[in-house]
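Secondary and tertiary structure notes
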Amino acid sequence: MELYIVDAFTRQAFSGNQAGVALLGRGEDFPPEKRMQDLAGELKHSETVFVKCLDGHGFHLRYFTPGGEVDLCGHATVAAFTVLREEKALPTGEYFARTLAGDLSIEVAPEVVWMDMAAPKVLRTFTAGELPALYAAYGLTLADKPEGLEPKIVSTGLADILLPVTGEALDRARQNRDEVLHISEHYDVVGFHLFCPAEGHTARCRNFAPRYGIDEEAATGTSNGALTWLLYEAGVIKEGEENSFLQGEAMGKPSLICSRLTMEEAEPRIRVGGPAVLTLSARLL
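Quick look at the structure, then. Please read these numbers as outputs of a predicted model, since none were measured by experiment.

The next thing to look at is helix α6 (residues 221-233). Here α6 contains 13 residues, and its C-alpha end-to-end distance of 19 Å stays within 8% of the 18 Å for a straight helix at 1.5 Å per residue. The element α6 is extensively covered by neighbouring structure, given that 11 of its 13 residues are classed as buried.

Laid out in structure tokens, this is it:
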């Protein structure tokens, strides 16, 4: 097993969002789940992805946070295919990744990796009575909600509470960890994705997932895939445009996540992508 640390959604080392990447040897099966969980805890990054080659164009990916296995992770997927391209000379082209969220199409370009999200699903629109608790979990009130945008639970592989806020509120939001854990478990979501409209970008974002041991994350592909769908339904995003989401500023790790939405036979296709930088490699003893 070969191990790497990769900074995803950035072209600058020690920026973006770090992921562990574990490449299994040809013919090697996944280790026991406890072994993978222990390794994710040892690396201490928000996600570690284990990569098994299926054939020339397919790979089986499993994702572990320090707190447990998750169905999908966007930045770890970008990291994995960047390692395959840079270290294993994987040619540019189209591939697929088998995940617990389904089989996803991957485009490996010379400097960027694009990945298809799972089909978008709006899982919940909150009632007026439910909204105050969502904002209070971050020390905010309904006065911090911009007009025309409503919080929703949306999934493109992982379910998040997408919480629209003003730009000023995004910067001063402070997480009540216990309350966010309670709300996340109550609605069975990974966490919260706070966002606000931003000049020069589609949105500025902050992401919190303490339920999975992640107090704040610098870049989240799946959450911004879900946000792409919410903003498309709200009329903010247009089909075929390239969107950009700035995240990680509050952590000193600015990240840029891009997305594209197209309609194919009346079905939405959301693709999220970005560059990545390999920073460390290691051998498991």
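From this point, the discussion proceeds with the structure in view.
This brings us to the pattern of salt bridges. A full pass over the atoms with the stated rule returns 23 salt bridges. The salt bridge involving Arg 85 is made with Glu 86; its shortest N-O contact spans 2.8 Å. Under the relative-accessibility criterion, Arg 85 is labelled buried at 12%. For Glu 86, a relative accessible area of 45% puts it in the partly exposed group. Close ionic contact of Asp 103 with Arg 98 constitutes a salt bridge, the shortest N to O distance being 3.3 Å. Overall, Arg 98 belongs to the partly exposed group, its relative accessible area being 35%. Each member of the salt-bridge network shares a partner with another, and the members are Glu 94, Glu 107, Asp 116, Arg 260, Glu 264, Arg 269 and Arg 271.

In this section: helix α5 (residues 177-187). Those residues of α5 that fall on the buried side of the exposure criterion are Val 180, Leu 181, Ile 183, Ser 184 and Tyr 187. On its buried side, α5 packs onto β9 (121-125), α3 (131-136), β10 (152-155), β11 (159-164) and β12 (191-198). Asp 188 sits one or two residues past α5 and shows a positive phi near 55°.

As a further point, take the packing of aromatic side chains. By the definition in use, this model includes 7 aromatic pairs. Each ring, one from Phe 50 and one from Phe 64, has its centre 5.8 Å from the other, and the planes form 90°; the classification is edge-to-face. Placement of the pair is Phe 50 in strand β3 (residues 47-55) and Phe 64 in strand β4 (residues 58-65), with a sequence separation of 14 residues. You can call Phe 50 buried: its relative accessible area is 0%. Judged by its relative accessible area of 2%, Phe 64 is buried. Taken together, a centroid distance of 5.5 Å and an interplanar angle of 85° make the contact between Phe 59 and Phe 81 edge-to-face. Taken together, the positions of Phe 59 in strand β4 and Phe 81 in helix α2 (residues 74-87) put the pair 22 residues apart, joining distant regions of the chain.

So, how was this worked out
- Residues numbered from 1 in each chain as written.
- Predicted model: local features only at pLDDT ≥ 70, side-chain atom pairs only at ≥ 80, totals over all residues.
- Heavy atoms only, no water.
- Helix = DSSP H or I, 4+ residues; strand = E, 2+ residues; numbered from the N terminus.
- Expected span 1.5 Å × (residues − 1).
- Buried < 20%, exposed > 50% of the residue type's maximum accessible area, 1.4 Å probe, protein only.
- Salt bridge = Lys/Arg side-chain N within 4 Å of Asp/Glu carboxyl O.
- Contact = heavy atoms within 4.5 Å.
- Phe/Tyr/Trp six-rings, centres within 6.5 Å; stacked < 30°, edge-to-face > 60°.

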